[in-house]
Amino acid sequence: MKTTHKPLTPPAANIALSPREVALKKLYRILAIVGVLAVILTAGALWPLYGDRLLRTKTMRDLWGKPPEMREPKINASNPPGPAPDGMVWIPGGDFYMGHDDYDDAIPVHMVYVDGFWMDKHEVTNEQYADFVKATGYVTDAEKQPRAEDFPDAPPDKLKPFSIIFKKPGPNDLVDLRTHQGWWDLQYGASWKHPEGPGTTTLGRENHPVVHVSYNDAVAYCRWGKKRLPTEAEWEFAARGGLDRKPYTWGDELKPEGKWMANIWQGEFPYKNTKEDGFEGTAPVGSFPPNGYGLHDMAGNAWEWCADWYRSDYYRESPDKNPQGPDSGFDWNERGVPKRVQRGGSFLCADNYCIRYVVGTRGKGEVTSAASHTGFRCAMNAK
Ligand SMILES: [Ca+2]
């Protein structure tokens with residue numbers, strides 16, 4: 001029986017390479033290896049600079065699940081619902097983009113709607129707070145005896161009323177900007193009426209923002225005036241003054257036409273304050289131009305308490321209409337110490353530290369704690 005076979009495929013010809021071709025092949029292989037190594041080394045070198053941002057973007061997308069809706073924000077008609085309460089201005093409410101892409105606790109930038117409300121034109125002053133204390137006999141947290149259970153490691157003789165004041169380090173003191181320890185000093189007897197401690201007063205500073213007030217102290221004052229603290233979203237809407245996604249409450253430039261627009265820190269923090277804006281500590285309220293809604297000092301001067309609890313991840317889940325903050329406070333940097341939101345930065349914020357005079361950035365504080373750079377202003381519902 002005859003069997004048919006498919007013809008076999010002829011073997012590939014064994015073509016010898018010329019010495020030049022062999023050399024080129026080697027060169028290509030070496031170039032390929034060098035190229036791969038270069039990519040790995042470049043990625044390794046750039047990771048410390050940009051890796052965090054890449055991770056953050058991924059995390060943001062993972063958590064958020066959908067790309068942001070980037071439509072134009074719409075501000076409500078600005079007609080106030082009635083005559084303005086004394087010292088307040090109407091904030092019309094509407095849509096705005098809240099947050100800041102460069103800060104882990106202020107991402108994602110997201111659109112929020114807030115209803116219109118009244119807001120104090122300026123931070124509550126020493127004179128205004130004195131009227132409240134005179135009328136009510138209120139005692140601030142910084143004036144109270146600290147509780148032993150809150151300071152279990154403190155010897156009994158150290159449990160005296162105190163607040164925290166800024167103390168400029170010496171020129172040769174080495175300060176780590178990450179620790180806060182280098183420029184804060186516990187001062188016994190410091191309070192809103194003795195800002196630098198016993199023997200100091202607010203005389204001559206009647207129209208400066210009241211400081212050394214805790215969240216509780218701020219809430220008590222607002223209630224006395226039948227007002228309330230602004231929510232964080234209201235505060236940011238108001239601070240933006242009708243501008244959309246600008247870095248400053250007044251626009252794009254830190255110093256338009258060479259003019260300082262807020263009481264912040266010039267020079268290298270915390271060693272040298274060149275006071276280019278005219279003020280080393282707090283400034284009288286209204287020393288700088290108002291923003292688009294007629295509000296003064298929404299950047300710098302004194303930090304301002306807001307009503308919301310602080311959580312660094314809140315913006316990933318916050319409602320898009322009149323957010324009121326999370327149900328409880330949580331700060332990764334100080335677990336077990338619930339905090340409320342503060343906004344606006346202070347006279348201690350410099351471009352090498354803090355920088356929280358940039359709109360959309362956040363601060364926070366424990367509800368009974370006070371310091372020489374923290375005050376507040378009040379808001380009120382439309383009647
Ligand atoms: Ca200043």
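Anyway, here's the lowdown on the structure attached to this text. Numbers given for residues are sequential positions, taken from 1 along each chain in its written order. Side-chain atom pairs in this predicted model are given and counted only at pLDDT of 80 or more, local residue features only at pLDDT of at least 70, and totals for whole chains, interfaces and linings cover all residues.

1. Focus: the overall build of the chain
Where we set the bar: Helix and strand assignments follow DSSP, with helices taken as H or I runs no shorter than four residues and strands as E runs no shorter than two, numbered in order from the N terminus. Any residue with 12 or fewer other C-beta atoms within 10 Å of its own C-beta is exposed, any with 20 or more is buried, and the rest are partly exposed; the C-beta atoms used are placed from the backbone. Contact definition: two residues whose C-beta atoms, as placed from backbone geometry, lie within 7 Å.
The helix and strand inventory of the chain stands at four helices and eleven strands. Counting only residues that meet the buried cut, the chain has 36% of its 383 residues in that class. Within the chain, counting contacts between residues at least 6 apart in sequence, those at least 24 apart form 70% of the total.

2. Description of the nonpolar core
Stated formally: Buried Ala, Val, Leu, Ile, Met, Phe, Trp, Tyr and Cys residues form a nonpolar core when they are connected through C-beta atoms within 7 Å.
One finds Met-119, Ala-218, Leu-229 and Ala-238 to be the most contacted residues of the largest nonpolar core, which totals 66 residues. Elements supplying a minimum of two residues to this core: β1 (88–91), β2 (94–98), β3 (110–114), β4 (117–120), β5 (162–166), α3 (215–224), α4 (232–240) and β7 (303–309).

3. A short note on the pairing of strand β8 (residues 339–343)
Our working definition: A pair of strands is labelled paired if DSSP reports no fewer than 2 bridges between them.
Burial runs high along β8: five of the five residues are buried. Pairing geometry for β8 and strand β9 (residues 363–366), over four bridges, is antiparallel. Bridging across to β9, Val-341 finds its partner in Lys-364.

4. Quick look at the sheet that holds β8
Strand order in the open sheet made by the four strands is β9-β8-β7-β10, with mixed pairing throughout. Two strands in the sheet have a free side with no partner beyond their single neighbour: β9 and β10 (374–375). Alignment of β7 against β10, held across two bridges, turns out to be parallel. The partner of Trp-303 across the bridge, within β10, is Thr-374.

5. A word on the environment of Leu-229
Among the secondary structure elements, Leu-229 is positioned in the loop between α3 and α4. For Leu-229, a count of 24 C-beta atoms within 10 Å corresponds to the buried category. For the pair Leu-229 and Ala-379, spaced 150 residues apart in sequence, the C-alpha separation works out to 5.5 Å. Setting aside residues up to four positions removed in sequence, Leu-229 forms contacts with Ala-218, Val-219, Cys-222, Trp-305, Cys-306, Ala-307, Phe-376, Cys-378 and Ala-379.

6. Some words on the sheet that holds β1
Note the following rule: Axes here mean lines fitted to C-alpha atoms, for a helix over just the part in contact, with angles spanning 0 to 180 degrees between N-to-C directions.
Taking strand neighbours across the sheet as the criterion, the three strands line up as β1-β4-β11 in an open arrangement whose pairing is antiparallel. Pairing within the sheet leaves two strands with one partner each, and these edge strands are β1 and β11 (379–381). The average angle at which neighbouring strand axes cross in this sheet is 30°, direction not considered. The sheet contact formed by β4 and β11 spans three bridges and is antiparallel. Pairing of Met-119 across the sheet is with Ala-379, part of β11.

7. Focus on the environment of Thr-231
You can see Thr-231 is positioned in the loop between α3 and α4. The sequence separation of Thr-231 and Trp-309 amounts to 78 residues, and the corresponding C-alpha distance is 9.6 Å. Sequence-distant contacts of Thr-231, defined by excluding residues within four places in its chain, comprise Cys-306, Ala-307, Asp-308, Pro-323, Gln-324 and Gly-325.

8. Looking at helix α2 (residues 126–136)
In an α-helix there are 3.6 residues to a turn, and that puts residues three or four apart on one side. Our working definition: Think of it as the arc spanned by the lines of direction from the helix axis to the C-beta atoms.
Along α2, the positions that sit buried rather than exposed are Asn-126, Gln-128 and Tyr-129. For α2, the angular spread of the buried residues around the axis is 165°, confining them to a single face. Among the exposed residues of α2, those oriented more than 90 degrees off its buried face are Lys-134 and Ala-135. Packed against the buried residues of α2 are α3.

No statement about biological role is implied by the geometric values presented.
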